[in-house]
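# Structural description and commentary
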Amino acid sequence: MNDFDAEDRLRFEQLVLPHVDAAFNLARWLLRRREDAEEVAQEALLRAFRFFRGFHGEDVRARLLQIVRNTCYSWLEKNRPRELMVEFDEELHLQSVTNPESIAITKNDRERLTRALEALPSRFREVVVLRELEGCTYREIATIMSIPIGTVMSSLSRARRQLHLTLADPTSKEAVREM
Amino acid sequence: MRCDFADSLLQGYFDCELSPASVDEFEHHLEDCAACARELVELDILSAELKVTPLYEVAPPSLKKRIRASIRPVTQTTAVPQQIHWHWLAVAAVLVVFITAGWGLRSAFHADDYRSELATEMVDAHVHSLQSAHLTDIKSNDGPTVSGWFKDKLRFAFPIPDFANDGFALQGGRVDIVDNRSVAVLVYTRRAHPINVFIWPSRERGTSPHTGSLQSYQWIDWRKGKLEFCAISEASAADLQQLQQLFIE
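Notes on the structure in this doc start here. Since this is a predicted model, take the numbers as computed values, not measurements.

### Describing the overall build of chain A
Helices and strands together make up the secondary structure of chain A, namely twelve helices and zero strands. Ordering the α and β elements of chain A from the N terminus gives α-α-α-α-α-α-α-α-α-α-α-α. Per-residue burial over chain A gives 58% buried out of 179 residues. Within chain A, contacts between residues at least 6 apart in sequence are counted, and of these 69% link residues at least 24 apart. For chain A, the exposed area adds up to about 7,900 Å²; of that, 49% sits on carbon and sulfur atoms.

Shown next, in the form of C-alpha cells:
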C-alpha cells in the first residue's frame with residue numbers, strides 16, 4: 001500500500017506540479033532565503049504527493065500552499081525558533097529593519113520593496129504575498145492560513161498599512177507608532 | 001485617524017471581494033469619508049508598485065527535476081540521467097538493506113507492533129494538530145455538513161455520528177496523512193479534551209479493540225466493516241473505550 005501507482009503520479013504531475021512556482025515563491029518569502037526555500041518546498045511537495053493521493057477536492061493550489069506554509073513554519077520552529085519569537089515583538093522588529101541604512105540608501109526599487117516586505121512579521125508578509133503576488137482570493141487565503149475571512153481582511157489591512165508607511169518614509173517612527 | 005471601515009470593508013472593496021450589498025454600503029460611506037478615500041488611493045499606489053516590481057520568484061528548474069525524480073519508483077532508475085545515477089544507486093542500496101533487515105523483523109512482527117507503529121504516527125499527528133491549532137478543516141457539529149465537506153475529498157465513505165448526548169461533542173473534521181495515505185479525522189471533545197478519531201479503509205477483518213498509551217496520550221484502535229478507526233486523546237482510557245463502544249453500536 002506504500003507504493004504509488006502510475007495513476008497517482010500522473011495525477012500529481014498534472015494537478016500539482018504546475019503550482020511548484022507558487023509553492024517555491026511562498027516558501028521563499030516566508031523563509032527569506034532561496035536555498036532554504038528550495039529545501040522546504042521540496043519537502044512540502046513530497047508531503048503533498050502523499051496528501052493528494054486521496055484528495056479529490058478542487059482547490060488544489062490552496063491545499064498545496066497550505067501544506068507549504070505549514071512545512072515552512074515547522075521548519076522555522078526547528079531551525080530558527082528565535083526568528084519566530086522576535087516576530088511577536090513587532091515594534092522591535094520593525095525598528096531593527098527600518099533604520100536608514102537598510103532601506104533609505106537602497107535605490108533599487110526591487111531591493112527596496114524586498115526589504116520592506118521582508119521586514120513585515122511573517123503572518124503579514126504571507127498575506128501580502130498570497131494576495132498581491134499570488135493573486136489568491138480571500139477564501140483561498142483563509143484556507144491556506146487556516147484563519148477566518150475577517151482575519152484575512154484585518155491582516156491585509158495592517159500589512160498594507162505597515163508596508164505603505166515603511167515605503168513612504170522608512171526613517172519615520174510613524175510606522176512604529178501607527179502599528 | 002483611520003476609519004473603522006479601514007480594516008474590513010475598505011480592503012474587501014479594494015480587492016473586489018464584497019457582496020453587491022456591501023459594495024453599496026461602502027460606496028455610500030465613501031461619499032463622506034475622506035480618510036477612506038485617501039487610503040484607497042494609497043492602496044492603489046502600493047498595489048501597483050508591488051505588481052510592476054518583479055518580486056515573484058519562480059522555482060529553479062533543478063527543483064522541479066528533483067521533485068519529479070523523487071516521486072518515481074526506484075525500479076525506473078534506468079531512465080534517470082547519468083549524473084544522478086549514483087544517487088539512485090545509493091538509495092537502492094539503502095533500500096535493499098532496509099528490506100533485508102525488514103524481512104527478518106517482519107517474521108517476528110505481530111500485528112500489534114504494526115498497530116503501535118501506526119499509533120505512534122497518529123499520536124504525532126494528534127500532537128501536531130494541537131500545537132498548530134489546526135484541529136479541523138471543517139468546523140461544525142452537524143454530521144451532514146461535515147459529511148458534505150468530506151464527500152469530494154476522500155474515496156471512502158464513513159459514518160459521522162455526534163455523541164453530544166453521551167458527552168462526546170462533535171467539533172468537525174479534517175484530512176490528515178497517516179502511513180502515506182489520506183485519512184479522515186473526526187474531532188470530538190470530552191471534558192475539554194480534544195479527541196482525534198482517525199478513519200481509513202481496511203481490508204482486514206474486524207477484531208477486538210487494541211489499546212495503548214504513548215507519552216501522555218491514550219489510543220484505542222478497532223475495526224468495523226471495511227473501516228479501521230483509531231481514537232487518540234489525553235482523555236482517560238475509559239473515556240476512549242466508551243467512545244469506541246458508541247461507534248460500534
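Resuming the write-up.
### Notes on the packing of aromatic side chains
Given two aromatic rings, one states the distance between the centres and the angle between the planes to describe the pair. Residues and elements named next belong to chain B. For the structure shown, the criterion picks out 13 aromatic pairs over all chains. A ring pair is formed by Phe 5 and Phe 26, whose centres lie 6.4 Å apart and whose planes are at 55 degrees; its orientation type is tilted. One end of the pair, Phe 5, is in the segment before α1 (9–14); the other, Phe 26, is in helix α2 (residues 20–30), and 21 residues separate them in sequence. Judged by relative accessible area, Phe 26 falls into the buried class, the value being 0%. Ring geometry for Trp 149 and Phe 150: centres 5.0 Å apart, planes at 80 degrees, overall edge-to-face. By relative accessible area, which is 16% here, Trp 149 ends up buried. Ring-pair connections join several aromatic residues into one group, and the members of that group are Phe 163, Tyr 188, Trp 222, Phe 229 and Phe 247. Of note, Lys 153 hangs over the ring of Trp 149, and the distance from its end group to the ring centre comes to 4.4 Å. Lying over the aromatic face of Phe 168, Arg 190 brings its terminal NZ or CZ to 4.3 Å of the ring centre.

### Examining the interface of chain B and chain A
Each side of the interface is counted separately: chain B has 51 residues, and chain A has 58 residues. Summed over both sides, the interface of chain B with chain A buries roughly 5,100 Å², with 54% coming from carbon and sulfur. Contact with chain A buries surface across chain B, with Tyr56(B), Glu57(B) and Ile71(B) losing the most and accounting together for 15% of the total. Here chain B and chain A share 13 salt bridges between them. The closest approach of N and O atoms between Asp137(B) and Arg63(A), which form a salt bridge, is 3.5 Å. In this assembly, chain B and chain A are joined by 29 residue pairs in polar contact (both at pLDDT 80 or more).

### So, the pattern of salt bridges
Taken as a whole, this structure holds 27 salt bridges over all chains when the rule is applied. Between Arg33(A) and Asp36(A) there is a salt bridge, with its nearest N and O atoms 3.3 Å apart. For Asp36(A), a relative accessible area of 11% puts it in the buried group. The partner of Glu38(A) in a salt bridge is Arg66(B), and the shortest N-O contact between them spans 3.0 Å. Here Glu38(A), found in helix α3 (residues 34–53), pairs with Arg66(B), found in helix α4 (residues 61–70), and the two come from separate chains. Look at the salt bridges and you will find they share partners, linking Arg131(A), Glu132(A), Arg160(A), Asp15(B), Glu17(B) and Lys51(B) into a network.

### Things to note about the pairing of strand β3 (residues 181–190) of chain B
Most of β3(B) sits out of view: nine of its ten residues are buried. Linking β3(B) back to strand β4 (residues 193–201) of chain B in an antiparallel pair, the connection comprises two residues, with Arg191(B) at a positive phi of about 45 degrees.

### Details of the sheet that holds strand β2 (residues 169–178) of chain B
Whenever strands of a sheet pair, they do so through backbone hydrogen bonds, lying parallel or antiparallel. Residues and elements named next belong to chain B. Ordered by their spatial adjacency, seven strands build an open sheet running β1-β2-β3-β4-β7-β6-β5, and the pairing between neighbours is antiparallel. A strand with exactly one partner marks an edge of an open sheet, and here the two such strands are β1 (138–139) and β5 (210–214). Bridge count between strand β6 (residues 217–224) and strand β7 (residues 227–233): seven bridges; the pairing is antiparallel. Its bridge partner lying in β7, Asp 221 is registered against Cys 230.

### Some remarks on the packing of helix α4 (residues 60–79) of chain A against helix α9 (residues 122–133) of chain A
All names here are of chain A. Two elements in contact, α4 and α9, have axes separated by 13 Å at closest approach and are oriented at 155 degrees. Taken together, α4 and α9 sit at an angle that is classed as roughly antiparallel. As for how α4 packs across α9, the hand of that crossing is right-handed. Where α4 abuts α9, its residues Leu 65, Arg 69 and Tyr 73 lie against Ser 122, Arg 123, Glu 126 and Leu 130. Here the contact of α4 with α9 is composed, by residue class, of three nonpolar, one polar and three charged.

Conventions adopted
- Residues numbered from 1 in each chain as written.
- Chains lettered and ligands numbered in written order.
- Predicted model: local features only at pLDDT ≥ 70, side-chain atom pairs only at ≥ 80, totals over all residues.
- Heavy atoms only, no water.
- Helix = DSSP H or I, 4+ residues; strand = E, 2+ residues; numbered from the N terminus.
- Buried < 20%, exposed > 50% of the residue type's maximum accessible area, 1.4 Å probe, protein only.
- Contact = heavy atoms within 4.5 Å.
- Areas by Shrake-Rupley, 256 points an atom, 1.4 Å probe, with all protein chains shown as cover.
- Phe/Tyr/Trp six-rings, centres within 6.5 Å; stacked < 30°, edge-to-face > 60°.
- Lys NZ or Arg CZ within 6 Å of the ring centre and 35° of its normal.
- Buried area = accessible area lost by both parts, 1.4 Å probe.
- Salt bridge = Lys/Arg side-chain N within 4 Å of Asp/Glu carboxyl O.
- Polar contact = N/O pair within 3.5 Å; in protein donor to acceptor, adjacent residues only side chain to side chain.
- Pairing = 2+ DSSP bridges.
- Axes fitted to C-alpha atoms, helices over the stretch in contact; angles between N-to-C directions.
- Parallel < 35°, antiparallel > 145°, perpendicular 65-115°, else oblique.
- Left-handed = near helix turned anticlockwise from the far one by under 90°.
- Nonpolar A, V, L, I, M, F, W, Y, C, P; charged D, E, K, R; others polar.

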